[in-house]
Each structure stands twice: as C-alpha cells, then as structure tokens.
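Each chain, written out:
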Amino acid sequence: MNTSTSILRGFYNVLVEGLFPGRIVWDEGTGLITGVYPEGQTGWPDGIIWQDGLGYEAYPAVIDGHVHDRFGQPHIEDREHLQAACIEGGVGTIVTMSNTLVPFTHPDQLPERIEYWRGSPLTVRFNIGVSRKNLPVIAGLGGLNSDWLGHVKEYDASSTNPSTLIDDEGTQIKAAEAIGKSGRIKLVHAEYEPWLQRNRLQIERERQLCLEDHCYIRSPEAEVEGIRRAIQICRDTQVSTHFCHVSTKGGLELIADAKEAGLPITCETCPHYWRLDNTKFAKLRGRGKMNPPLRSEFEKLWVEEMIARGVVDIIATDHAPHELERKVMEDYDQCPSGVPGVQTMALMVYELKARGRITAQRFIDLTSGNAARLFGLNKGYLSAGRDADIILINQN
C-alpha cells in the first residue's frame with residue numbers, strides 16, 4: 001500500500017469526454033493529481049481510499065476571480081471567516097481586488113498581504129490597482145517575479161475608494177499603455193462615470209436621494225457606454241482586457257462583437273445578475289445594493305442567455321461584505337455597496353447545469369478552467385499534473 005497516494009473512487013468525474021464513474025489519484029507530498037481512471041480500468045496505483053463517492057460528481061475547486069477581502073478591516077470580515085465561507089462554498093482560490101481600506105497600488109505593500117494570508121488553505125492572488133499617480137510603477141511590474149501577484153485593476157467608475165478612480169479617457173489610455181508594458185492583463189470596472197454623476201445630479205436637483213435611485217444612477221446605459229469606451233482603448237492599444245461583473249445585454253453584446261473581431265478580451269458576470277432583478281430591491285433594500293446594481297428582469301434573462309451562449313468566460317462573486325448595521329441604513333450614501341457571495345456561487349452555477357442551460361464541461365470552464373488560464377494557475381481541470389483541488393457536488 002502506497003501511503004503517499006490518495007484516491008477518490010466511485011465519483012462521476014468530468015473530462016472532455018463527459019461524465020463517467022472513475023477514480024482520481026493524487027500524491028499527498030506534491031498535492032498534484034497523478035492520474036484519472038475510469039472505474040473498472042486496471043493498473044492504477046494502490047493508495048489510501050479517501051472516500052467512496054457514489055452519487056457525487058467531482059469537480060475542480062472553484063476559482064473566484066473577484067473577491068474583496070477586508071484586509072485592514074477585520075471587524076467586517078477577518079481571514080478565518082472568509083476562509084470558512086470559501087471552503088463551505090467549494091472555493092479553493094481567491095483573487096482579491098485592490099480597493100481595500102488602504103488601496104493596494106505599490107509592490108512594496110505586497111509583503112504584508114502575503115504575511116496576512118500565509119498558511120491559508122486557500123490559494124490567494126492579489127490584483128494591484130492602477131491610479132493616476134502610479135503609472136510608472138505599473139509599467140515596471142514586468143520585472144517583479146511573485147506568484148502572489150495577479151493582474152492590474154482599473155476603476156473607470158466610482159467605487160469604495162475614490163483615490164483609484166480613473167474617469168478621463170486620456171489617463172485611461174496611459175493606464176492601458178502602462179499595463180501593456182507590465183505584461184499583465186487589465187481588469188476593468190467599466191461604467192461611464194460622467195453619466196453616473198449626471199444621473200445623480202438630475203435627482204438631487206429635485207429631491208434627496210433614496211436607495212431606489214441606485215438602479216437609475218448606475219444605469220444600464222452607463223455600463224454599456226463604459227464598456228464601449230474600454231473596448232475602443234483595447235482596440236487602440238491591443239492590451240488584454242478583462243471586463244468585471246458585466247450586468248447588461250448591451251454590454252455583453254459589445255464584448256461578443258469585440259471577441260469576434262479578434263480583440264484580446266474576456267469577461268465575467270456574477271450570480272446576482274441572473275438570479276435577482278431590481279423588483280427584489282424593495283424587499284432587500286440596502287442588502288441588495290451593489291455596483292453595478294441589480295437590473296431589470298429583461299437584463300437578468302439576457303445575462304443567463306449570454307452565459308448559455310458562451311459569451312461569458314468566468315463567473316465570479318464580487319464578494320464584498322459589510323456590517324449589517326450599515327447595510328440596513330436608508331441613507332443612500334451611508335449604505336455601502338457590496339454583497340457576499342463565495343459561499344453560494346458554485347451551486348448557483350451548478351443550477352444552470354441542472355436545468356440544462358450549460359454542460360458539465362461548461363460548468364468547469366466558468367467556475368475554474370477559464371480563471372485558471374486567466375491568472376496562470378495550475379488548476380481548473382482534473383487531470384494529471386494539476387493541483388488536486390477537488391470539490392464534490394451531490395447530483396441531487
């Protein structure tokens with residue numbers, strides 16, 4: 001008996017060929033899968049039988065490419081709580097965003113973040129933020145060799161921290177050029193900020209803002225225009241661009257056309273954009289406030305359709321928890337934007353598979369495979385040589 005080898009047996013394993021009962025074998029020392037075998041095949045190595053899994057399907061652990069960890073704000077969510085939520089939800093890897101309490105905008109800040117996450121059962125990557133002040137720093141990232149560093153996040157619209165907002169086209173072009181020099185990918189929050197400010201001012205001229213105004217201020221048209229402008233910058237600079245949390249039919253259509261034209265573009269959406277719509281806002285109140293906001297039922301149905309058609313590359317959560325006492329505030333500016341999501345995302349995507357909207361292979365691509373390629377991770381598929389990050393989902 002080889003005590004360094006572990007085996008899952010009886011699971012329905014997903015490969016390109018489809019679903020079949022099989023065994024997954026991995027080495028405990030390296031943490032790498034050494035083989036995947038159909039049940040009944042002879043010749044696999046002896047090892048510790050880790051678990052019998054009849055009735056379960058085995059998948060690569062989820063890679064959540066859009067997580068707001070509350071580094072520096074443990075009273076909102078500390079490392080242990082986020083880890084537990086991820087493990088409960090089958091998430092093995094998180095890629096964190098830059099707009100923490102003190103924005104992550106310089107590599108000198110990397111060691112303290114690494115120390116914070118060192119020893120975690122999760123794999124963690126950190127996206128660095130681009131701002132008006134750090135363009136030379138971003139351009140020089142190509143010389144930085146760290147497995148912990150992800151790509152570069154650009155905020156074209158207002159978010160948690162205004163210091164990283166880049167809302168003029170000239171600076172956006174310079175930022176793209178700097179990101180191109182770094183050899184990394186531009187991850188963009190694309191809403192057209194001037195229209196957000198215009199919409200807000202239109203309301204404020206007549207009355208005080210209320211929570212319901214959020215869906216109007218951050219309108220579908222503002223997202224579509226932001227995406228249109230970012231695509232043009234991608235076309236002009238040829239910098240690989242990933243669109244975060246896309247929530248509109250029009251935005252996804254522009255992205256589909258840009259891909260068809262051969263531009264280096266990918267995109268993600270989030271479960272709340274096909275599971276919820278703005279009719280739920282009256283009940284959810286501040287707990288349903290996020291950026292971009294919940295959309296109409298029309299947009300919700302089209303987001304799901306674009307997932308089914310293959311336009312969407314990745315499902316991410318945009319996990320962004322806040323204190324409950326703040327989320328229940330009725331004051332528009334005092335109630336923060338952001339909702340949690342790591343604990344429930346995998347099953348929401350699996351529900352699409354259960355309804356026949358996506359295949360098992362597409363489930364893998366959306367939850368781990370495409371993100372593994374985007375962030376250069378040795379994960380995303382259950383095959384020899386890949387990390388043995390495995391989740392089990394009950395077929396029922």
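Before reading on, note that the structure itself is shown above.
Here goes a summary of the coordinates provided.

Quick notes on the rules
Residues numbered from 1 in each chain as written. Predicted model: local features only at pLDDT ≥ 70, side-chain atom pairs only at ≥ 80, totals over all residues. Heavy atoms only, no water. Salt bridge = Lys/Arg side-chain N within 4 Å of Asp/Glu carboxyl O. Helix = DSSP H or I, 4+ residues; strand = E, 2+ residues; numbered from the N terminus. Buried < 20%, exposed > 50% of the residue type's maximum accessible area, 1.4 Å probe, protein only. Pairing = 2+ DSSP bridges. Contact = heavy atoms within 4.5 Å. Axes fitted to C-alpha atoms, helices over the stretch in contact; angles between N-to-C directions.

### A few points about the pattern of salt bridges
Overall, the coordinates contain 29 salt bridges when judged by the stated rule. The residue Arg132 makes a salt bridge to Asp167 at a minimum N-O spacing of 2.7 Å. Within this pair, whereas Arg132 is found in the loop between β8 (123-129) and α3 (135-139), its partner Asp167 is found in the loop between β9 (149-155) and α4 (169-182), the two being separated by 35 residues in sequence. By relative accessible area, Asp167 is classed as partly exposed at 30%. Of the charged contacts, one joins Glu323 and Arg326 as a salt bridge, the two residues approaching to 3.9 Å between their closest N and O atoms. Taking the relative accessible area as the measure of exposure, Arg326 reaches 30% and is therefore partly exposed.

### A word on the sheet that holds strand β10 (residues 186-189)
A sheet is described by the order of its strands in space; here 8 strands give the open sequence β6-β7-β8-β9-β10-β11-β12-β13, paired in parallel fashion. Among the strands making up the open sheet, the edge pair consists of β6 (62-67) and β13 (314-315). Note: strand β7 (residues 91-96) against β8, 4 bridges, orientation parallel. Bridged to Thr96 within β8 is Phe126. Lying over the sheet, helix α7 (residues 220-237) contacts β10, β11 (241-243) and β12 (265-269), oriented at roughly 170° with respect to β11.

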